[in-house]
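Observations on the three-dimensional arrangement
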Amino acid sequence: MMPGRRCTSSVEGDKVTVDGRVYPMASSIVATEDVIQASIRAAAQKIAEAYRPLTHRNTHPTPGAAPDAAAVNPHEAPISLENPLILISVLKGSYIFTADLVRYLGDAGLPHVVDFVRLASYNSGTTSTGTISVMLKPKFTNLQGKHVLIVEDVCDSGRTLKFLRERLIKKYQPKSVKTIVMVNKDSSARKVDFEPEFECLKAPNAYIVGYGFEVNDRYRDVRHIFTLKDGFATRYPAKL
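Calculation rules
Residues numbered from 1 in each chain as written. Predicted model: local features only at pLDDT ≥ 70, side-chain atom pairs only at ≥ 80, totals over all residues. Heavy atoms only, no water. Salt bridge = Lys/Arg side-chain N within 4 Å of Asp/Glu carboxyl O. Helix = DSSP H or I, 4+ residues; strand = E, 2+ residues; numbered from the N terminus. Buried < 20%, exposed > 50% of the residue type's maximum accessible area, 1.4 Å probe, protein only. Polar contact = N/O pair within 3.5 Å; in protein donor to acceptor, adjacent residues only side chain to side chain. Contact = heavy atoms within 4.5 Å. Expected span 1.5 Å × (residues − 1).

Looking at the pattern of salt bridges
Taken as a whole, this structure holds eight salt bridges when the rule is applied. Note that lysine 92 is salt-bridged to aspartate 217, the shortest N-O span being 3.4 Å. Of the two residues, lysine 92 is situated in the loop between β5 (85-91) and α3 (95-107) and aspartate 217 in the loop between β11 (208-209) and β12 (225-228); the sequence distance between them amounts to 125 residues. Owing to a relative accessible area of 35%, aspartate 217 belongs among the partly exposed residues under this scheme. Aspartate 100 is the salt-bridge partner of arginine 103, the closest N and O atoms lying 3.0 Å from each other.

What follows is the structure, given as structure tokens:
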């Protein structure tokens with residue numbers, strides 16, 4: 001959408017409309033495209049500021065001065081194009097979010113690269129199994145001493161993000177692991193003790209679709225985020 005343009009939306013009875021288009025699967029609006037983009041841009045700025053001190057460390061101390069840790073330990077080198085922040089994007093849900101986030105991080109001047117993992121906790125429909133399986137491992141494995149940022153679409157139960165963070169720490173020994181989520185659901189959704197360091201939007205403890213969020217792989221392409229209307233979770237076949 002054009003920068004600065006605001007979406008017009010309305011909810012009348014069971015009819016949800018954004019910019020003159022009716023979204024029959026929606027029961028309410030979580031965020032329209034303009035709000036989504038503004039929230040990602042703001043989150044990218046916060047992330048860049050949080051990591052900014054790591055991009056200005058002195059690797060060439062003056063004679064007689066105590067050596068900087070980065071000069072002693074190459075695993076703690078400043079964040080730069082040679083030693084970028086490692087983003088680990090969780091597929092499939094976060095791929096659209098990741099594409100927007102990385103461009104805003106670039107605008108903010110934070111050197112970074114992107115890798116992907118794929119985890120599964122939903123067999124089909126809208127109910128989590130509570131069991132997490134790894135379907136795609138990260139390509140980057142030289143993460144010891146590096147700074148890692150997990151990029152995920154949502155934090156609801158917290159199980160997936162806690163599992164991934166603990167797995168990355170145990171397997172790769174990064175210097176730090178933080179998390180950015182597009183949507184942070186109400187704490188009533190939590191099943192484990194986990195809170196992301198960064199978030200773009202808050203949402204109620206309800207199933208949401210649009211902007212990467214799906215039900216049986218439908219509605220990922222929708223530009224806005226909605227809560228799903230009753231009856232639509234089983235409208236399409238579970239397997240493709």
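Now, onward.
So, the side chain of arginine 220
Tracing the backbone shows arginine 220 in the loop between β11 and β12. Of the polar contacts made by the side chain of arginine 220, one reaches the backbone oxygen of glycine 212; its length is 2.9 Å. For arginine 220, the contacting residues outside a window of four places in its chain are Lys92, Gly93, Tyr95, Ile96, Gly210, Tyr211, Gly212, Phe213 and Glu214.

Observations concerning helix α1 (residues 33-51)
End to end, α1 covers 27 Å across 19 residues, agreeing with the expected 27 Å (1.5 Å per residue, within 8%). Glu33, Asp34, Ile36, Gln37, Ser39, Ile40, Ala43, Ala44, Ile47, Ala48 and Tyr51 are the residues of α1 that are buried.

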